[in-house]
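Residue strings, one per chain:
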Amino acid sequence: MNSGQKRIFAALVLICAFYFALFIFPNNTGAKDQMMISLFEPDEFAQFPIVLKMLAPREQLDKTLLNFIAYRHYYYGSPFYFSSALLVLPLQLAGNIYQHTQLAMLLLRQFISVLPMLGALLLLTFMQTRFTSWIKSIGLLIFLLSISAVVENNMWWHVDSLAVFFVALTLPFLDRDEMQYGRNFHLAAAATGLGTGTKVISLFFFLAIPAYLIAGRIAKRITWRTLLLRAGSFLAIMAITIVLANPFLLLPSQAVRMIRILGNQSAAMSTGWTLTYEKGIGSWLPIIERLYGMPAFNLLAFLVLALGIWKSRNRMRHLLIALWALPFGAYILFTIAIKPTHFFLPILLPVYSSMIVLFKFPPFVSGRPRNPLAWLWGVAALAIIGMQFVLHLREDVRLYREVLTREEHEESLIFYDVLQRDYLPRIQPDETLVFFRDVRMYVPADSRWVVRTYWNSKYSTIEQIQPDLILLWAQRILDYTQEGAREQAADPASFQDTYEFYVDADNDRLRGYRLIYRDAEGLFFVSDEMYLKFFAP
C-alpha cells in the first residue's frame, strides 16, 4: 500500500477500534454464572462446557493433548474451539475459571465474534475500494458495520464470525490473483479449507472456483492441462488445510463421530428440532427485512451486483461473489427449516459490499450523463441506501439496549427471585436433591441440589433421573401443546411423550409432582414426597 492507502487504512482501524470498544458493555452482561448464560444464549451454554473440558488437565501430557484435540462437539470445527480455549487459558491457569465466567464470556464474545467480523468487513472493504478513496472506503465500512445482523451477531459467542472471516479472506485472494492461478489462488484454497473446516459452508464455493478456472481457459490464460493441475492443487491444499486445522480427523473414531454429528445436524436443520418449520422465501422474509434489508434494498443490491458483472472493470470479482452467494442462499432458503438469524451473514455481506459499484457509473462519476434516467436512478438508489442505513441504526440501538439491560428485565431471573423468597427456603433436605430445569429457566448452583438441564422435557426423562424439583418454561408448554403441534412434530412417535408431559404440566396433572407456583414465565413443581415434607398444610 502507498502512503495514501495506509492513511485510509489507519482511519478504518480507528473506526474499528471504537466499534470494538462499544460492544464491551453489552457483552459484559448475561453471564454471572453458567446457568445465566443459558437464559440469553443457549448455544453459548452448550459450547462453554466443551471449552472447559478441553482445558481440564489429565494425568499425562499425551492424554491432556488428546483431550484438547478430540473435544467431541464436532458441530463446529477446531479453529473455533481451539481459538476459544486458548483465549481463556490464562483464566484457567490463574485459578478456577468457574469463578471468572463473566470475564471469560466477555473475552469470547469480543475476540471470537466481534474481532473476526471486523477483520472480515475490512477485507471486503479493501477488496472493493483498495483503500484508494476516503469517502468510498469509510462509507462502505460504516454501512457494513451498521447492518443489524452484524450488530446482533457481535453480542454473542459463536462460530459465525470466524466463518464469515474465512469467506471474506477467500474472495480477496481470488480477486488479487487476477487469473494468474499462482500464490494468491493457492492461498484462496487454504482459506476455503479453513472455512470448510470451521463450519463447512465454504464448500459452497463449488460453483465459483470451477467458474474462475474456466474463465481463465476462455480468456486463454491457461491451457486445459494447467486448468486440471490447478484444480487438483486447489483441492489438495483445501483438503490438507481442513485436516491440519482439525487434527481430530486423524483419529478414525473421531472422524466417524464428526460425520454422524453433521449428518444428524443436517437432518434436524432441514426439518426442525422438535416441531417441523416452514421453508422457502416467505418464511425467511421477516428475518431478512428486519436484520439485513428491506425488499427494495436487497433488490437494489442484486441489481448492482449484476451491473458489476455486466459492465464493471472488475466483473470477475462480482461474478465470484454471485456464484458464492446464489447457491448458498438457495440452499438456506429452500432446505433449512430452522431460522437462525445469522445464516445470511456470509452470503449477503459480500453482496452488499459490491454496491460500491454503483458509484463507478453515472451520475456518480465526472461528466454529465446525457440520459436523465441516470440521474433518476442515482437519486432513487441513494434514497434506498440512506433509508436502509437509518432503519439499520434504529434496529441497532434497540438490539444494543436490549442486551445491555437484559439482566434487569429477564423474567426467569424475576421468577427465581420469587422462588428464593417464598418457597425454596422451606426446603431443608437431609441429602442433595436433583433439580430439573428447562434450559431457559434460571437455577443457580446451590449446596442443596444438583441441577440437571434439558432442552426438552418428557416423562421418560423424568422417570430416568427422578428429580425432586422441576422448573419448566411456560413458553415451551405453549409451543408444544398448541393446536396442530402433534401434526407438526419432526418425530411424531417421540413427540407424543413430550406432548403428554407438557399437557399434564399445564393442567397440574404431572405424575408424581405438585405444582407449587406458576406465572406467565414458568412453573415450579416439587415431588409428592417433597410436598408432604415441606409444603403440605
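Below is a summary of the structure that appears in this document. Not measured: the values here are computed from a predicted model. (Residues numbered from 1 in each chain as written. Predicted model: local features only at pLDDT ≥ 70, side-chain atom pairs only at ≥ 80, totals over all residues. Heavy atoms only, no water.)

Examining the overall build of the protein chain
Counting its secondary structure elements, the protein chain contains 25 helices and 5 strands. The C-alpha atoms of the protein chain give 26 Å as radius of gyration, which agrees with the globular expectation for 537 residues (24 Å, within 12%). Reported as C-alpha extents along the three principal axes, the dimensions of the protein chain are approximately 90 × 55 × 45 Å. Taken over 537 residues, the protein chain has a buried fraction of 54%. With the model as given, the accessible surface of the protein chain reaches about 24,800 Å², and the carbon-plus-sulfur share is 62%. A distance of 18 Å separates the average location of the 48 positive side-chain charges in the protein chain from that of its 41 negative side-chain charges. (Helix = DSSP H or I, 4+ residues; strand = E, 2+ residues; numbered from the N terminus. Rg over C-alpha atoms; globule rule 2.2 N^0.38 Å. Buried < 20%, exposed > 50% of the residue type's maximum accessible area, 1.4 Å probe, protein only. Areas by Shrake-Rupley, 256 points an atom, 1.4 Å probe, with all protein chains shown as cover. Lys, Arg positive; Asp, Glu negative; His and termini not counted. Charge placed at Lys NZ, Arg CZ, Asp CG, Glu CD.)

Focus on helix H1 (residues 3–22)
The terminal C-alpha atoms of H1, which comprises 20 residues, lie 29 Å apart, in line with the 28 Å expected from a rise of 1.5 Å per residue. Taken residue by residue, H1 has Gln5, Ile8, Ala11, Leu12, Cys16, Tyr19 and Phe20 as its buried positions. The secondary structure elements touched by the buried residues of H1 are helix H2 (24–27), helix H7 (101–129), helix H8 (134–146) and helix H9 (148–153). Put simply, Asn2 is the residue that caps the front of H1, since its side-chain oxygen is 3.0 Å from the backbone nitrogen of Gly4. (Expected span 1.5 Å × (residues − 1). Contact = heavy atoms within 4.5 Å. Polar contact = N/O pair within 3.5 Å; in protein donor to acceptor, adjacent residues only side chain to side chain.)

Remarks on the pattern of salt bridges
Counted under the stated rule, the structure contains 16 salt bridges. The residue Glu407 makes a salt bridge to Lys32 at a minimum N-O spacing of 2.4 Å. Highlighted residues: Glu407 in helix H20 (residues 406–409) and Lys32 in the loop between H2 and helix H3 (34–40), separated in sequence by 375 residues. Exposure remark for Lys32: the relative accessible area of 52% places this residue in the exposed category. (Salt bridge = Lys/Arg side-chain N within 4 Å of Asp/Glu carboxyl O.)

Focus: the packing of helix H23 (residues 474–481) against helix H24 (residues 492–506)
A pair of packed helices is characterised by two quantities: the angle between their axes and the separation of those axes. Here H23 crosses H24 at 125°, and the two axes come no closer than 9 Å. If you check the angle between H23 and H24, you find them oblique. The interaxial crossing formed by H23 with H24 has left-handed handedness. Of the residues in H24, those in contact with Arg476, Ile477, Tyr480 and Thr481 of H23 are Phe495, Thr498, Tyr499, Tyr502, Val503, Ala505 and Asp506. Along the lines of polarity and charge, the residues of the contact of H23 with H24 split into 7 nonpolar, 2 polar and 2 charged. (Axes fitted to C-alpha atoms, helices over the stretch in contact; angles between N-to-C directions. Parallel < 35°, antiparallel > 145°, perpendicular 65-115°, else oblique. Left-handed = near helix turned anticlockwise from the far one by under 90°. Nonpolar A, V, L, I, M, F, W, Y, C, P; charged D, E, K, R; others polar.)

What about the environment of Val526?
Looking at where Val526 falls in the secondary structure, it is placed in strand S5 (residues 522–527). Among the residues examined, Val526 registers a relative accessible area of 0% and is labelled buried. Note: C-alpha distance between Val526 and Gly512 (14 residues apart in sequence) is 8.6 Å. Apart from the residues within four sequence positions on either side, Val526 is in contact with Asp468, Leu469, Gly512, Tyr513, Arg514, Ile516, Tyr531 and Phe535.

Some thoughts on the sheet that holds strand S3 (residues 469–473)
Backbone-to-backbone hydrogen bonds join strands into a sheet, with any given pair of strands oriented parallel or antiparallel. Here 5 strands make up an open sheet; going across it, the order is S2-S1-S3-S5-S4 and the pairing mixed. If you trace the sheet from one side to the other, it starts and ends with strand S2 (449–454) and strand S4 (513–518), each paired once. Along the sheet, successive strands turn relative to each other by an average axial angle of 20°, direction set aside. Here 5 bridges tie S3 to S5, and the two strands are oriented antiparallel to one another. What sits directly across from Leu469, in S5, is Val526. The sheet strands contacting H23 are strand S1 (433–438), S3 and S5, and the helix crosses S3 at an angle near 65°. (Pairing = 2+ DSSP bridges.)

Some thoughts on the nonpolar core
Core analysis: the largest hydrophobic core is formed by 157 residues, its most contacted members being Tyr292, Leu349 and Phe524. Examining the composition of this core, we find that 13 residues originate from one element, H7, more than from any other. Counting residues in each nonpolar core, the second largest holds 23 residues, with Leu275, Ile462, Ala489 and Tyr499 among its members. (Core = buried A, V, L, I, M, F, W, Y, C linked by side-chain atoms within 4.5 Å.)

Here we look at the side chain of Asp468
Counting through the fold element by element, Asp468 comes out in the loop between helix H22 (459–465) and S3. Lys533 provides the closest opposite charge to the buried, unpaired Asp468, separated from it by 9.0 Å. Sequence-distant contacts of Asp468, that is, excluding residues within four places in its chain, are made with Leu433, Val434, Tyr513, Phe525, Val526, Ser527 and Met530.

Looking at a nonpolar patch on the surface
Nonpolar side chains collect at one region of the surface, where Met1, Phe9 and Val13 lie side by side and expose about 250 Å² of accessible area between them. Mapped onto the elements, Met1 comes out in the segment before H1. (Patch = residues over 30% accessible without salt bridge, like charges linked within 9 Å, V, L, I, M, F, W, Y side chains within 5 Å.)

Some remarks on the environment of Asp446
Secondary-structure assignment places Asp446 in the loop between S1 and S2. C-alpha separation for the pair Asp446 and Ile97, spaced 349 residues apart in sequence, amounts to 18 Å.

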